Amino acid sequence: MNISEKFWDKKAESYAKSPISDEETYKRKLTETQSLLNPTMRLLEFGCGTGTTAIHHAPHVLHIDAIDISENMLDIAREKASNANIENITFTHSTLTEFNADTASLDAVLGLNILHLLPERQSILTEVARILKPGGIFVSSTVCLGDSLFRFIKPIVPLGKLLGIMPDVYVLRKSELVSEVQNAGFAIERQWYHGMKGMVVFMIARKL
Ligand SMILES: C[S@@+](CC[C@H](N)C(=O)[O-])C[C@H]1O[C@@H](n2cnc3c(N)ncnc32)[C@H](O)[C@@H]1O
């Protein structure tokens, strides 16, 4: 088990119990995503956490593969889905690369609060583009610390990780995120910011 997996496994219970920090913004994200979904669609969510978003969208699509590296997060997600009588989500312990979905097999991919936690962001975005059908959508929400004073956390991340009090966090600027998404072969259709100093970028991008 790697250090990130350990961190998120330990965090799972408190993550599940903590209330959504900005209910109105979360609902806006759900509504904007849902407006693009239909009952024939196959989705994949990577870094699904405790499954709240996948469970919300499940009644509006054919099937969702929801993957995460934390078995504890997945256990909670499976229980929540079962309590909600949701049967069209398959929860799998996996990274996106390991999951290796078929090329052009998906209508939408969700990556919410995850891209800033991954070291290999550009190759992940390329993988998202590979597995989406042409015209498929990629919905993401990403913390961009690089344009704020929070960029100075960069040197303390390795120590925080070692002490088990911080996850892997990568400092990126909004402009870097935009370029990386475009370089992977997407057109950005919608983009807005929220959170402290507008550091969180919600984005809807379409595979060209
Ligand atoms: C900040 S939480 C976000 C959870 C959920 N997407 C949400 O918005 O509430 C990050 C999640 O990503 C998972 N994660 C971290 N690195 C991952 C990776 N390389 N592949 C898949 N999941 C990962 C963690 O286990 C955790 O559940």
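Attention here is on the structure that accompanies the text. Being a predicted model, the structure only gives us computed values, none of them experimental. (Residues numbered from 1 in each chain as written. Predicted model: local features only at pLDDT ≥ 70, side-chain atom pairs only at ≥ 80, totals over all residues.)

## Overview of the site of the ligand
Right, on to step 1. Taken together, 16 residues sit near the ligand, with Trp-8, Gly-47, Gly-49, Ser-70 and Asn-113 positioned nearest.
Right, on to step 2. Split by residue class, the shell around the ligand holds nine nonpolar, six polar and one charged. (Near = placed C-beta within 6 Å. Nonpolar A, V, L, I, M, F, W, Y, C, P; charged D, E, K, R; others polar.)

## Some details on the sheet that holds strand E7 (residues 200-207)
Right, on to step 1. Pairing in this open sheet of seven strands is mixed, and the strands run E3-E2-E1-E4-E5-E7-E6 from one edge to the other. Looking at the sheet topology across the chains shown, the edges are occupied by strand E3 (89-93) and strand E6 (186-194). Looking at each pair of strands side by side, their axes are set apart by 15° on average, direction ignored.
Right, on to step 2. When strand E2 (residues 63-68) meets E3, the two strands line up parallel, connected through five bridges. (Pairing = 2+ DSSP bridges. Helix = DSSP H or I, 4+ residues; strand = E, 2+ residues; numbered from the N terminus. Axes fitted to C-alpha atoms, helices over the stretch in contact; angles between N-to-C directions.)

## Thoughts on the nonpolar core
Most often, soluble globular proteins have nonpolar side chains that are buried together.
Right, on to step 1. By size, the foremost hydrophobic cluster in this structure holds 51 residues, and its most contacted members are Ala-66, Ala-77, Val-109, Val-128 and Phe-138.
Right, on to step 2. Contacts of Phe-138, omitting those with residues within four sequence positions, involve Val-109, Val-128, Leu-132, Phe-186, Ala-205 and Lys-207. (Core = buried A, V, L, I, M, F, W, Y, C linked by C-beta atoms within 7 Å. Buried ≥ 20, exposed ≤ 12 C-beta atoms within 10 Å, placed from the backbone. Contact = placed C-beta atoms within 7 Å.)

## Focus on helix H4 (residues 71-83)
Right, on to step 1. With 13 residues, H4 should reach 18 Å at 1.5 Å per residue; the first-to-last C-alpha distance of 18 Å fits that figure.
Right, on to step 2. Regarding H4, the residues found buried are Met-73, Leu-74, Ile-76, Ala-77 and Ala-81. All buried residues of H4 project into a common sector of 160° when viewed along the axis, lining one side. Along H4, exposed side chains directed more than 90 degrees from the buried face belong to Ser-82 and Asn-83.
Right, on to step 3. Buried-residue contacts for H4 involve helix H1 (3-17), helix H3 (52-57), E2 and E3.
Right, on to step 4. Directly after H4, the chain includes Asn-85, whose backbone phi takes a positive value near 55°. (Expected span 1.5 Å × (residues − 1). Arc of directions from axis to C-beta.)

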